[in-house]
Amino acid sequence: MSGHNKWSKVKNKKNNIDIKKNKLFTKLSKDISNSIKNGNANIESNCKFKKALINALANNLSKEVIYRIVNSYKDSNDSMSMVSYAGYIKNGVALYINCNSINKNKTASDLRYIFSKHGGSLVNIKDVSYLFEKFCKVKFYSELNIALDLINKLNIDNIIINLNENILTIVVNINDFKLLKNQIDFTKFKYEIIYFMKAINKIKVCNDVFNNVNILISDLKNLDYVFDVFTNIDV
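Cut-offs and rules
Residues numbered from 1 in each chain as written. Predicted model: local features only at pLDDT ≥ 70, side-chain atom pairs only at ≥ 80, totals over all residues. Heavy atoms only, no water. Pairing = 2+ DSSP bridges. Helix = DSSP H or I, 4+ residues; strand = E, 2+ residues; numbered from the N terminus. Axes fitted to C-alpha atoms, helices over the stretch in contact; angles between N-to-C directions. Buried < 20%, exposed > 50% of the residue type's maximum accessible area, 1.4 Å probe, protein only. Contact = heavy atoms within 4.5 Å. Phe/Tyr/Trp six-rings, centres within 6.5 Å; stacked < 30°, edge-to-face > 60°. Parallel < 35°, antiparallel > 145°, perpendicular 65-115°, else oblique. Left-handed = near helix turned anticlockwise from the far one by under 90°. Nonpolar A, V, L, I, M, F, W, Y, C, P; charged D, E, K, R; others polar. Salt bridge = Lys/Arg side-chain N within 4 Å of Asp/Glu carboxyl O.

Undergrad: It is not clear to me how the sheet that holds strand β5 (residues 160-163) should be interpreted in this structure. Could you clarify?
TA: In any sheet, the strands associate via hydrogen bonds between backbone groups, in a parallel or an antiparallel arrangement. Pairing in this open sheet of four strands is antiparallel, and the strands run β5-β6-β4-β7 from one edge to the other. At either end of the open sheet lies a strand with only one pairing partner, and these are β5 and β7 (191-199). The mean inter-strand angle of the sheet, taken between neighbouring strand axes irrespective of direction, is 15°. Relative to strand β6 (residues 168-173), β5 is paired through four bridges, and the arrangement is antiparallel.

Undergrad: What should I look at first to understand the environment of lysine 104 in this one?
TA: Mapped onto the fold, lysine 104 is located in helix α4 (residues 104-117). Sequence separation between lysine 104 and methionine 82 is 22 residues; the distance between their C-alpha atoms is 9.8 Å.

Undergrad: Can you help me understand the side chain of threonine 107 in this one?
TA: Position of threonine 107 relative to the elements: it lies in helix α4. Owing to a relative accessible area of 2%, threonine 107 belongs among the buried residues under this scheme. With residues near it in sequence (within four places) discarded, threonine 107 still touches Tyr85, Cys99, Ser101 and Tyr225.

Undergrad: How should the pairing of strand β2 (residues 93-101) be read in this particular structure?
TA: Residues in a regular strand point their side chains to alternate faces of the sheet. Across the nine residues that make up β2, a large majority, nine, are buried. Residues Val93, Leu95, Ile97, Cys99 and Ser101 of β2 are buried on one face, and the alternating residues Ala94, Tyr96, Asn98 and Asn100, pointing to the opposite face, are buried as well. Pairing of β2 with strand β8 (residues 226-231) involves five bridges; the strand directions are antiparallel. Note that in β8 the partner of tyrosine 96 across the bridge is phenylalanine 230.

Undergrad: Please clarify how the packing of aromatic side chains should be interpreted in this entry.
TA: Each aromatic ring pair is specified by the distance between its two centres and by the angle formed by the two planes. In total, this model carries four aromatic pairs according to the counting rule given. Centroid distance phenylalanine 135 to phenylalanine 196: 5.8 Å. Interplanar angle 20°. Geometry classified as stacked. With phenylalanine 135 in strand β4 (residues 132-140) and phenylalanine 196 in strand β7, this residue pair connects regions lying 61 residues apart in the sequence. Phenylalanine 135 gets classed as buried once you look at its relative accessible area, which sits at 12%. For phenylalanine 196, a relative accessible area of 22% puts it in the partly exposed group.

Undergrad: I tried to follow the pairing of β4 on my own but got confused; where do I start?
TA: Bridging between β4 and β7 involves nine bridges; their strand directions are antiparallel. The residue bridging lysine 134 from the neighbouring strand is methionine 197, located in β7. Bridge count between β4 and β6: six bridges; the pairing is antiparallel. Among the inter-strand pairings, lysine 139 is bridged to a residue of β6, identified as threonine 169.

Undergrad: Please clarify how the packing of α4 against helix α8 (residues 207-221) should be interpreted in this entry.
TA: To describe two helices that pack against each other, one gives the angle between their axes and the distance between the axes. The interhelical angle for the contact between α4 and α8, taken along N-to-C directions, is 160°, at an axis separation of 10 Å. Viewed along their axes, α4 and α8 adopt a mutual orientation that is roughly antiparallel. In this structure, the crossing between α4 and α8 has a hand that is right-handed. Contacts from Leu111, Ile114, Phe115 and Lys117 in α4 reach Leu216, Asp219 and Leu220 in α8. Its residues assigned to classes, the contact of α4 with α8 shows five nonpolar, no polar and two charged.

Undergrad: Explain the pattern of salt bridges here, please?
TA: Opposite charge on two side chains permits pairing when their charged atoms draw close. Considering all chains together, one arrives at three salt bridges under this definition. We note a salt bridge from aspartate 219 to lysine 117, for which the minimum N-O separation is 3.6 Å. With aspartate 219 in helix α8 and lysine 117 in helix α4, this residue pair connects regions lying 102 residues apart in the sequence. For aspartate 234, the salt bridge goes to lysine 204, with nearest N and O atoms at 3.1 Å. Taken together, the positions of aspartate 234 in the segment after β8 and lysine 204 in the loop between β7 and α8 put the pair 30 residues apart, joining distant regions of the chain. For aspartate 234, a relative accessible area of 34% translates into the label partly exposed.

The structure is reproduced here in structure tokens:
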């Protein structure tokens with residue numbers, strides 16, 4: 001019996017290790033996929049993709065798996081397009097969703113089902129877009145002081161600037177970002193751009209609604225082609 005118990009413990013320990021490893025590999029694979037969806041499969045211009053690759057290799061994700069993920073997005077790149085969707089649920093909660101879609105009809109159908117499951121509905125993007133403003137977060141990884149001097153000379157209002165030893169981060173709305181791009185030669189820097197939507201007026205909701213929205217957002221993000229979800233809830 002003691003031998004049997006010992007084998008059971010070893011087997012259970014191995015199963016637990018395998019489960020943890022599978023979860024880690026799933027996360028690493030999704031990180032690579034998301035980095036490509038939000039940019040491209042070029043390590044020189046997509047810092048997130050480079051970071052995801054380094055992390056995957058450091059944690060022993062096989063090169064064959066990485067190759068398959070990268071090529072699946074390259075193969076579908078011609079037919080894939082970025083599409084934004086919107087939805088409402090009770091208490092005036094609005095959601096703005098960005099997707100990389102190959103089949104727009106299927107994407108809309110999937111989103112509609114998830115919204116209906118949470119007591120909401122998919123609506124025309126125009127019914128929600130006016131509630132949000134588009135912003136850019138730009139991270140500079142080289143020539144930080146030069147980039148900072150150029151930005152300061154533009155005297156842009158409502159800009160957030162954060163400088164540490166390795167990264168210069170700025171946050172601006174889309175119109176000011178266009179001014180930046182017109183005045184600064186970005187090719188001289190290593191940088192990363194993240195676009196996001198920010199609610200113009202945020203609303204407060206009760207705990208039940210808040211929890212329902214969090215579950216809804218989680219369900220949306222579990223769809224492979226959804227890469228951003230924004231809401232007007234005041235967190």
